[in-house]
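# Fold and contact review
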Amino acid sequence: MTQPNANENWGTPPWKIEFEPPAAPIPASSNLVVIGGGFTGLAAAAWLRRLAPGKSVVLLEASRIGAGASGRTGGIVLAETAAGDLPGLGDVLAGFQEILRELEVDCGLELGGAWEIARGGASSKAPRAGSPIDWNDSGRLRVVNEVPGGTLDPGKLVSGLARAAVRAGAVILENCPVQNVRWAERIEIEFGGDGARSRKIFAEKVLYATNALSLDLAALAGKAEPRLTLAALTAPITGAQIEAIGLAQRKPFYTVDLPYLWGRLRRDNSIVWGAGLVNAPDGRGLETIDIASAEPAALFARLEQRVRGLHPAIASIEFTHRWGGPILFRDNWRPVFSWHPQCPPGNPNAIVLGAYAGHGVALSSYLADWAAESLLGRRALPSWGSIGG
Ligand SMILES: Cc1cc2nc3c(=O)[nH]c(=O)nc-3n(C[C@H](O)[C@H](O)[C@H](O)COP(=O)(O)OP(=O)(O)OC[C@H]3O[C@@H](n4cnc5c(N)ncnc54)[C@H](O)[C@@H]3O)c2cc1C
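Residues numbered from 1 in each chain as written. Predicted model: local features only at pLDDT ≥ 70, side-chain atom pairs only at ≥ 80, totals over all residues. Heavy atoms only, no water.

Next up on the list: the sheet that holds strand 12 (residues 225-234). Pairing is mixed across the open sheet formed by 8 strands, whose spatial order is 5-6-4-13-14-15-12-16. A strand with exactly one partner marks an edge of an open sheet, and here the two such strands are strand 5 (134-136) and strand 16 (319-329). Recorded for the sheet is a direction-independent mean angle of 30 degrees between the axes of neighbouring strands. By the bridge criterion, 2 bridges tie strand 13 (residues 253-255) to strand 14 (residues 262-265) in an arrangement that is antiparallel. Within the sheet, the bridge partner assigned to Phe253 lies in strand 14 and is Gly263. (Pairing = 2+ DSSP bridges. Helix = DSSP H or I, 4+ residues; strand = E, 2+ residues; numbered from the N terminus. Axes fitted to C-alpha atoms, helices over the stretch in contact; angles between N-to-C directions.)

Now the structure itself:
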């Protein structure tokens, strides 16, 4: 069954999440608890059960699986991290493909490469001779580089990871927003939902996979910047139009200079385009941003005007969907992959993982696998992910 859109304020992405976690009673305790049901949390829940089938795993999702960035992403698959390669990171794309194989997730992955595009100013690389893309957007936009990567269907990735987690024996509980976590002998997690009184679950170990939301809980307030980032989908275009605008090779693209613009074709020849970041109003969360309000509406109008101005072949292209999604940035562009600062001394038992910026589609599952190993005491965390660093 296709799930309803969890946050109406953020508009409707085109991706369909076609998996509903089976109803399950809320246990009083679980060996391992994952907070957050995006790519990170779902992949981690599946891996924890695969690595430690004797341990119970419960995932608590505030809303519906994929309600955050994962069900709203562009679905461009990229190698490495937003900060490039990092010590000990390994091969993200190879690892991601292996995870999909192991978990039997079919998400329409196509790894034909991705294009970096730029206006060719003094600070950017020179355009490639014969660049298929030749657009007009604050200068002449052309391909400057090709990098490993591709595309997938994010709805299928969310569904597939959730299905794999449930198949492996994890319990996924939706509409369970975690409100408080206390460290005592065991970790006490308090959550609400469905109008019921707040409830509790005890855990031995916890993974925080809450990304750009619940920053206080994850000890990320002031350490990383949350934003709502915007995307829009056009109606399908013809093969002749695709040829004319230089996308016949169907590679996704993103600018490496400003103003930022990214995009990708979907299988039905509609195109997802993205640009624009909205700040959370002071003291309130991203959840309160309504994409119909003045600032996002102006950013959408600007994005659509830019897209129509790129090339005469798409001058009257129609847009069918507009949506936003939460994104989290660190100053150094590195992901957060750290023990939670409130872990008791000598007993590291909670990991915070996220803040991939616009680079989390493959990296989230890849690092979730690593996080599962670390929670089970089988692998050290990398030094580059520390919250303090
Ligand atoms: C519009 C957009 C386009 C993007 N495009 C790309 C792209 O093309 N390529 C790329 O590599 N990356 C892209 N990204 C980034 C990528 O989508 C994210 O890095 C990735 O989805 C993050 O996954 P996650 O599971 O860590 O976080 P999320 O998917 O945000 O999941 C966090 C989950 O935690 C839940 N949660 C929060 N607080 C609580 C709580 N207190 N209790 C319980 N649950 C809680 C939320 O409801 C949410 O479901 C994009 C992001 C956006 C928003």
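Here the narrative resumes, following the displayed structure.
Inspection of the region around the ligand gives 37 residues, with Thr40, Glu61, Ser70, Ile76 and Ser214 positioned closest. The contact in question runs from an oxygen atom of the ligand to an N or O atom on the side chain of Glu61, over 2.6 Å. Separating a nitrogen atom of the ligand from a backbone N or O atom of His359 is a distance of 3.5 Å. Relative to its unbound accessible area of 1,000 Å², the ligand is 97% covered by the protein chains. Of all elements in the fold, only helix 1 (39-51) and strand 16 reach the threshold of two or more residues within the shell around the ligand. (Near = heavy atom within 4 Å. Polar contact = N/O pair within 3.5 Å; in protein donor to acceptor, adjacent residues only side chain to side chain. Areas by Shrake-Rupley, 256 points an atom, 1.4 Å probe, with all protein chains shown as cover.)

Enumeration over the complete set of coordinates arrives at 7 aromatic pairs. Relative to Phe253, the ring of Trp135 has its centre 5.1 Å away and its plane inclined at 80 degrees; by these criteria the two rings are edge-to-face. One end of the pair, Trp135, is in strand 5; the other, Phe253, is in strand 13, with 118 residues separating them in the sequence. Pairwise contacts between aromatic rings join Trp135, Phe253 and Trp273 into one cluster. Positioned over the ring face of Phe202 is Arg186, at 4.4 Å from the centre of the ring. (Phe/Tyr/Trp six-rings, centres within 6.5 Å; stacked < 30°, edge-to-face > 60°. Lys NZ or Arg CZ within 6 Å of the ring centre and 35° of its normal.)

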